[in-house]
Amino acid sequence: MATHSQSHEHEHEHEHDHGEQSPTRTAISATLHCLTGCAIGEVLGMVLSTWWGWSNTGNIVLSIALAFLFGYSLTMLPLLRAGLGARRALPLAFASDTLSIGTMELVDSLIVIAIPGAIAAGLGDPLFWGSLAFALFVAFWVAVPVNRWLIARGKGHAVVHAYHHAH
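Rules used throughout
- Residues numbered from 1 in each chain as written.
- Predicted model: local features only at pLDDT ≥ 70, side-chain atom pairs only at ≥ 80, totals over all residues.
- Heavy atoms only, no water.
- Phe/Tyr/Trp six-rings, centres within 6.5 Å; stacked < 30°, edge-to-face > 60°.
- Helix = DSSP H or I, 4+ residues; strand = E, 2+ residues; numbered from the N terminus.
- Buried < 20%, exposed > 50% of the residue type's maximum accessible area, 1.4 Å probe, protein only.
- Patch = residues over 30% accessible without salt bridge, like charges linked within 9 Å, V, L, I, M, F, W, Y side chains within 5 Å.
- Areas by Shrake-Rupley, 256 points an atom, 1.4 Å probe, with all protein chains shown as cover.
- Salt bridge = Lys/Arg side-chain N within 4 Å of Asp/Glu carboxyl O.
- 1 Å grid on protein atoms, 1.4 Å probe; cavity = no way out; pocket = protein on both sides within 12 Å on 5 of 7 lines; lining within 4 Å.
- Points joined across faces, edges and corners; volume = space filled by probe spheres on them.
- Nonpolar A, V, L, I, M, F, W, Y, C, P; charged D, E, K, R; others polar.

Each pair of aromatic rings is reported with the distance of its centres and the angle of its planes. Tallying each qualifying case throughout the model produces six aromatic pairs. Where Tyr 72 meets Phe 94, the ring centres are 4.6 Å apart and the plane angle is 75°; that geometry is what we call edge-to-face. Of the two residues, Tyr 72 is situated in helix H3 (residues 56–81) and Phe 94 in helix H4 (residues 86–114); the sequence distance between them amounts to 22 residues. When its relative accessible area of 38% is taken as the criterion, Phe 94 is described as partly exposed. Members of the aromatic cluster, each reached through a chain of ring pairs, are Trp 51, Trp 52 and Trp 54.

Laid out in structure tokens, this is it:
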């Protein structure tokens, strides 16, 4: 049972935290943001590489490249809307998202490669979509602590967080 002083301290912490998200909530938000860009890039890469008849290696390379492209783009949009020029927004996006996207892509790709038949599954195959969804889910939860660690040190998404909420 909480003593009166513990209860009062707990309430006091909430008063100070009212306007700010906790680093964990910010990390989850940043990772969801990253997941969105990664998922768009990966699905588009897999659709295009399958359509073009590319090899599994080409499929993976294109998917990862597009995941980074869309991940960075989703970070840059609010920065550009906040009035930053592309020359300022691009380095912020790189600093903010590279480790997060890299972590997510590494975990995601390794899982899809490890699931028997997943990488060769066609777009109409439930195995393709199920393995991709599972891989992204696991990659999300691996990337959250990475983002949490970066944010707690004033790096990663913390760098762009102020700009995201400027307008």
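Still more to cover.
Take a nonpolar patch on the surface next. Residues Trp 51, Trp 52 and Trp 54 make up a contiguous nonpolar surface patch of roughly 440 Å² in combined accessible area. With respect to the helices and strands, the residue Trp 52 is situated in the loop between helix H2 (23–51) and H3.

Turning to empty space enclosed by the protein, a few remarks are in order. Taken as a whole and assessed by the stated rule, the structure comprises three cavities of 30 Å³ or more. What the largest cavity holds in volume is close to 80 Å³. The wall of the largest cavity is formed by Glu 42, Met 46, Ile 60, Ser 63, Ile 64, Glu 105, Asp 108, Ser 109, Val 112, Ile 113 and Ile 119. When residues of the lining of the largest cavity are traced back to their parent elements, those giving at least two are H2, H3 and H4. It is H4 that provides the largest number of residues to the lining of the largest cavity, a total of five residues. Residues of the lining of the largest cavity, tallied by class, amount to six nonpolar, two polar and three charged. Every residue along the wall of the second largest cavity is listed here: Met 46, Thr 50, Asn 59, Val 112, Ala 118, Ile 119, Ala 121, Phe 128, Ser 131 and Leu 132.

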